[in-house]
Amino acid sequence: MSDDRAETNNKKDDVTTSRRDFLKNIGIAGASTLMAGSASAGVPADSPDPDAESTAAEWLQGHFVLMSEEDKKEAINRLEKRYTAKYDKKTTVANTPPLEGVLFGYALNIGKCIGCRRCVHACVQENNQSRTNPVIHWIQVMKIPKGNFAFTADKLNDGYPKSSAFGDYGVQVGGNAYAPVGGLATEHAQSYYSADEMVPDKDYFYVPVQCQQCEKPPCVKACPVRATFRDPNGVVVIDYNWCIGCRMCQLACPYQARRFNWGEPNLPPEEMNPKTHYFGNRPRMRGVMEKCTFCVQRTREGRNPACLEACPVGARKFGNLLDPESDVRKILATKKVFRFKEEMSTYPKFFYYIG
Amino acid sequence: MIKADKSKRTFFKKVAAVVGFVAAADYLGNLMSVRGNPIQQANDNSEYDVNKQKKVLLQKQLVSMTDNDKKQMLDELLDIHNKNHA
């Protein structure tokens, strides 16, 4: 047997081919054909794929942040060409850079929110989310009984150890440990009150929940390929082309605010928003993660997020946390502010307030 | 000539085999129909994700921030931001 192998190796220089080599070549050729076929099949067969080559190139492109300017331009041109053909309307994919000296924060007045879900629908329209099969919403509105709310202003700055009736032999009772100064428990909350329900119900608070844009985001730590990262403005974004769809980030998110595209997103061409950003609202594909980006396509141009503009009662405020004169900073300074309990010290930049 | 075994034990054995076969076929059928309907599967998975978020959020609590909390948080946020941009 070993002699046979040696003989075959010796014959490599000759033109003669063994049956084994022949079958090997056939195998390589077959595998290459299959790979090329699958690479050009990124777009469903029934869609008017303008350029299979560009799709294959998209599959092979690197992380957008690490690309040269020329490669970025090429990548964006490819996407614009494909989206324009697929949705039959001129589509732009911006690569507007982050703003200088800005750290975005968001504040939502739960005393004002009426639970109308206009923010949810504005978000869906602005960010090209899948409309049906499956439905994807980046904002969920919770309806929490007002009875769950407890607040005692006089104890707000308590929390220092008090003398215990048992003596202070190493046992100290924190002022807030047994009598919390205030909070809103989510038990008995509903997040699926029906769409035709009359709102607001006077016995409930409405609490919209979306990505909390953590300053120390666990999702970013969990991503094995750094497809999701925190941008200089403090917004966590995703390179959809670099995402491998492992869903580790979804598991890591303490608010479960990320959505995975289990199927090909269903976005009717007539409803598609053609003004997109590479890291924001450009149409996603099957097998990638998506989430709220504070409307990066708008905020990097100095505009407000779509949910804020849609809110009919002005419950949403957005601004620069580095600027003491911004709405968010003023709210932090003067209002009763709540945030989700920081079990993991994630430092969310999304706050809830009353007043 | 071999006589057919008509004992009670053989009868139950056959019944068990038939029940097992039917159950396996039903399971495979279900598996195939789910796999054959990717839209349904995608919808089910997405719904599962949303329900999971609901479960997680129902265990959360919005806590009020004291002035100290606010200051500490703001200092921390600005500190992290400044370190990142140093």
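Keep in mind that what you see is a predicted model, and the values were worked out from it rather than measured.

Definitions and limits used
Within every chain, residues take consecutive numbers counted from 1 along the sequence as written. Here chains are named by letter from A upward and ligands by number from 1 upward, in the order in which they appear as written. Under the rules for a predicted model, residues below a pLDDT of 70 receive no local features and side-chain atom pairs below 80 are neither given nor counted, while totals for whole chains, interfaces and linings still include all residues. Each side-chain value is worked out from all heavy atoms of the structure, with water and hydrogens disregarded. Burial classes follow relative accessibility: with a 1.4 Å probe on protein chains only, a residue under 20% of its type's maximum area counts as buried, one over 50% as exposed, and anything between as partly exposed. A run of H or I in DSSP becomes a helix once it reaches four residues, and a run of E becomes a strand once it reaches two; helices and strands are each numbered from the N terminus. Any pair of residues with heavy atoms lying within 4.5 Å of one another is described as a contacting pair. Only buried residues count toward a nonpolar core, which is a set of Ala, Val, Leu, Ile, Met, Phe, Trp, Tyr and Cys residues joined through side-chain atoms within 4.5 Å. For the domains described, the bounds stem from an automatic or database domain assignment. Within 6.5 Å between ring centres, the rings of Phe, Tyr and Trp (the latter by its six-membered ring) count as paired, and their orientation is classed by plane angle as stacked under 30 degrees, edge-to-face over 60, tilted in between. Comment: the charge-over-ring label is applied if NZ (Lys) or CZ (Arg) is within 6 Å of the ring centre and within 35 degrees of the ring normal. Every residue gets a pLDDT, meaning the predictor's confidence in that residue, from 0 to 100. When two parts are put together, the accessible area they lose, computed with a 1.4 Å probe and summed over both, is reported as buried area. Salt bridges, as used here, are contacts in which a Lys or Arg side-chain nitrogen is within 4 Å of a carboxyl oxygen on Asp or Glu. Three categories are distinguished: nonpolar for Ala, Val, Leu, Ile, Met, Phe, Trp, Tyr, Cys and Pro, charged for Asp, Glu, Lys and Arg, and polar for the others, with Gly belonging to the last.

## Re helix α5 (residues 118-126) of chain A
Turn by turn, an α-helix covers 3.6 residues, leaving residues three or four places apart pointing in a common direction. All names here are of chain A. Buried within α5 are the following residues: Cys119, Val120, Ala122, Cys123, Val124 and Glu126. Contacts made by the buried residues of α5 are with β3 (140-145), α8 (296-299), α9 (306-310) and β14 (316-320). Phi turns positive, to about 50°, at Asn128, one or two residues after α5.

## Examining the nonpolar core
Nonpolar side chains in soluble globular proteins tend to end up buried together. Membership of the largest hydrophobic core comes to 57 residues, with the highest contact counts inside it found for A:Val207, A:Phe294 and A:Tyr352. Of all elements in the fold, only α4 (69-87), β2 (104-109), α5, β3, β8 (204-209), α9, β15 (336-340) and β16 (350-354) of chain A reach the threshold of two or more residues within this core. Looking at this core element by element, the count peaks at five residues for α4(A). Shared between two domains, this core takes at least three residues from each, and those domains are domain 1 (2-91) and domain 2 (104-354) of chain A. Each residue touching A:Tyr352, except ones within four places of it in the same chain, is listed here: A:Leu108, A:Ile110, A:Val207, A:Pro208, A:Val209, A:Gln212, A:Lys336, A:Val337, A:Phe338, A:Phe340 and B:Leu62. Membership of the second largest hydrophobic core comes to 15 residues, among which are A:Ile331, A:Leu332, A:Tyr353 and B:Leu77.

## A word on the environment of A:Pro217
Residues and elements named next belong to chain A. Along the chain, the position of Pro217 falls in the loop between β8 and α6 (218-222). Note on Pro217: relative accessible area 8%, which makes it buried. Distance from Pro217 to Val236, taken between C-alpha atoms, is 7.8 Å for residues 19 residues apart in sequence.

## Considering the packing of aromatic side chains
Residue and element names in this part refer to chain A. According to the stated counting rule, one finds 14 aromatic pairs over all chains in the structure shown. Seen from their ring centres, Phe64 and Tyr278 are 3.8 Å apart, and the 20° between their planes marks the pair as stacked. A residue pair is termed long-range when its members are at least 10 positions apart, and Phe64 in the loop between α3 (52-60) and α4 and Tyr278 in the loop between β12 (275-277) and β13 (289-290) qualify at 214 residues. On the basis of relative accessible area, Tyr278 is assigned to the buried category, the value being 0%. Ring pairing ties together the aromatic residues Phe104, Tyr106, Tyr255, Phe294, Phe318, Phe340, Phe350 and Tyr352, which thus form one cluster. Positioned over the ring face of Tyr204 is Lys143, at 4.4 Å from the centre of the ring. Against the face of Phe205 rests Lys146, its NZ or CZ located 5.4 Å from the ring centre.

## Things to note about the confidence of the model for chain B
Residues and elements named next belong to chain B. Summarising the model, chain B shows a mean pLDDT of 84, and 90% of its residues fall at 70 or more. The least confident element of chain B is strand β1 (residues 61-64), whose mean pLDDT is 82; the most confident is helix α2 (residues 38-58), at 88. Of the two predicted TM-score estimates for the complex, the pTM is 0.75 and the ipTM is 0.71.

## Some words on the interface of chain B and chain A
Taken together, the contact pairs 34 residues of chain B with 53 residues of chain A. Each partner contributes to the roughly 4100 Å² buried at the junction of chain B and chain A, and carbon and sulfur atoms together form 59% of this total. Interface area lost by chain B to chain A is led by B:Gln53, B:Lys60 and B:Leu62, which between them contribute 18%. Linking B:Glu76 and A:Lys216 is a salt bridge whose minimum nitrogen-to-oxygen distance equals 3.6 Å.

## Quick notes on the domain arrangement of chain A
Residue and element names in this part refer to chain A. What the domain assignment reports for chain A is domain 1 (2-91) and domain 2 (104-354). With both chains or domains summed, domain 1 and domain 2 bury close to 1500 Å², and 62% of this area falls on carbon and sulfur atoms. By the criterion of area lost to domain 2, the three top residues of domain 1 are His63, Tyr87 and Lys89, representing 39% of everything that side buries. Taken together, the connections running from domain 1 to domain 2 amount to zero salt bridges. Ranked by residue count, the leading element in the side of domain 1 that touches domain 2 is α4, at five residues. Here the side of domain 1 that touches domain 2 is built from residues that sort into seven nonpolar, four polar and four charged.

## Things to note about unusual backbone geometry
Residues and elements named next belong to chain A. A cis amide bond links Asn133 to the next residue, Pro134, at an omega of 0°. The residue Pro134 is located in the loop between α5 and β3 in this model. Note the cis peptide between Val199 and Pro200, where omega equals -5°. Inspection of the secondary structure assignment puts Pro200 in the loop between β7 (182-185) and β8. Here Phe294, not a glycine, exhibits a phi torsion of approximately 55°, which is positive. Mapped onto the elements, Phe294 comes out in the loop between β13 and α8.

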